[in-house]
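Residues per chain are reported as follows:
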Amino acid sequence: SSKVPEMDLSKTTLAEDYPDIEISMNEIDLNDLNSLNEIEPQNFDSILILSPGGTTIEEMDAYVISLLIRIRQILISKSKKWPKLITEVMDSDNIDIILNSGVEDFMVSNQFVSQIMAQVSEEPLALDVYDDLFQAEGSELYIKPASFYFDFSGKESLTMPYGCLLYTSPSP
């Protein structure tokens, strides 16, 4: 049994929902290179590193960067093919450091949240879209050419208010 009862409950629920998948949860010290080496990160398809809670943004990014350095150290010594490395960055000033650590994708948390808040403050109806997209049951988003829905007839672009788009788009 783990030190965190929620982990045991999550594992039990996942095992019931997905009986054909072997699920294991291990508690390790990610600051210890030997412990990190034991989970064999070189055999993963992808590694997602989220920022831990912390008192400052600098502290959270420092933890992520030091973990990336340790993972990279293992990958350099053990593998020619690396898993896809994805990480969360709290301070956009640290992006260059993160990219030099072999990360392929990153998300700048404060910028992402700020952009959503700015959009919602300008257009409150956008909150309904974000609520739907971020629901736990998941959503699908399809991007289709505008010409599927609008007649451009020799025009390169169209200007239309947001509310008109709601009324002119075909129902699914």
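Residues numbered from 1 in each chain as written. Predicted model: local features only at pLDDT ≥ 70, side-chain atom pairs only at ≥ 80, totals over all residues. Heavy atoms only, no water.

**Considerations on a nonpolar patch on the surface**
At step 1: Among the surface-exposed residues, Met7, Leu14, Tyr18, Ile21 and Met25 lie close enough to one another that they form a single nonpolar patch of about 440 Å² accessible area.
At step 2: Residue position: Ile21 is located in the loop between helix H1 (5-17) and helix H2 (33-38). (Patch = residues over 30% accessible without salt bridge, like charges linked within 9 Å, V, L, I, M, F, W, Y side chains within 5 Å. Areas by Shrake-Rupley, 256 points an atom, 1.4 Å probe, with all protein chains shown as cover. Salt bridge = Lys/Arg side-chain N within 4 Å of Asp/Glu carboxyl O. Helix = DSSP H or I, 4+ residues; strand = E, 2+ residues; numbered from the N terminus.)

**Concerning the side chain of Asp61**
At step 1: Considering the arrangement of structural elements, one finds Asp61 in helix H3 (residues 57-78).
At step 2: Those residues within four positions of Asp61 in sequence are excluded, and the remaining contacts are Ser51, Glu88, Val89, Met90, Asp91 and Asn94. (Contact = heavy atoms within 4.5 Å.)

**Some words on the environment of Asn34**
At step 1: Within the secondary structure, Asn34 sits in helix H2.
At step 2: Counting along the chain gives 40 residues from Asn34 to Ile74, while the straight-line C-alpha distance between them is 9.6 Å.

**A short note on the pairing of strand E2 (residues 84-89)**
At step 1: Bridging between strand E1 (residues 46-49) and E2 involves four bridges; their strand directions are parallel. Bridged to Ile49 within E2 is Thr87.
At step 2: Handedness of the crossover is the feature at issue here: the chain leaves E1, passes through H3, returns alongside E2, and the resulting connection is right-handed. (Pairing = 2+ DSSP bridges. Right-handed = clockwise from strand over helix to strand, strands pointing away.)

**Description of the environment of Lys78**
At step 1: Looking at the element boundaries, Lys78 is found in helix H3.
At step 2: For Lys78, a relative accessible area of 47% corresponds to the partly exposed category.
At step 3: Distance in space between the C-alpha atoms of Lys78 and Glu40 is 9.0 Å, their sequence separation being 38 residues.
At step 4: Side-chain polar atoms of Lys78 contact the side chain of Asn37, separated by 3.4 Å. (Buried < 20%, exposed > 50% of the residue type's maximum accessible area, 1.4 Å probe, protein only. Polar contact = N/O pair within 3.5 Å; in protein donor to acceptor, adjacent residues only side chain to side chain.)

**Let's talk about unusual backbone geometry**
At step 1: Even without being a glycine, Glu40 presents a positive backbone phi close to 50°.
At step 2: Looking at the element boundaries, Glu40 is found in the loop between H2 and E1.

**A word on the nonpolar core**
At step 1: Counting 14 residues, the largest nonpolar core has Ile49, Leu68, Ile71, Leu85 and Ile98 as the members making the most contacts within it.
At step 2: If one sorts the elements of this core by residue count, H3 sits on top with seven residues.
At step 3: Not counting residues within four places of it along the chain, the set of residues in contact with Ile49 comprises Val64, Leu67, Leu68, Ile71, Ile86, Thr87 and Glu88. (Core = buried A, V, L, I, M, F, W, Y, C linked by side-chain atoms within 4.5 Å.)

**Section: the side chain of Arg70**
At step 1: Tracing the backbone shows Arg70 in helix H3.
At step 2: As a buried residue without a salt bridge, Arg70 has its nearest oppositely charged side chain in Asp29, at a separation of 6.8 Å.
At step 3: Those residues in contact with Arg70, other than ones at most four positions away along the chain, are Leu30, Asn31, Leu33 and Leu36. (Lys, Arg positive; Asp, Glu negative; His and termini not counted.)

**Some remarks on the environment of Met60**
At step 1: Topologically, Met60 is positioned in helix H3.
At step 2: Relative accessible area serves as the criterion here: at 12%, Met60 is assigned to the buried category.
At step 3: In contact with Met60, other than residues within four places in its own chain, are Ser51, Pro52, Gly53, Gly54 and Met90.

**Observations regarding the confidence of the model for the chain**
At step 1: Averaged over every residue, the pLDDT of the chain is 79; residues scoring 70 or more account for 81%.
At step 2: When mean pLDDT is compared element by element in the chain, H2 scores highest at 90, while helix H7 (residues 162-168) scores lowest at 59. (pLDDT = per-residue confidence, 0-100.)

**Here's the deal with a negative patch on the surface**
At step 1: The grouping of Asp128, Asp131, Asp132 and Glu137 at the surface amounts to a negative patch.
At step 2: Note on placement: Asp128 falls in helix H6 (residues 126-133). (Charge placed at Lys NZ, Arg CZ, Asp CG, Glu CD.)

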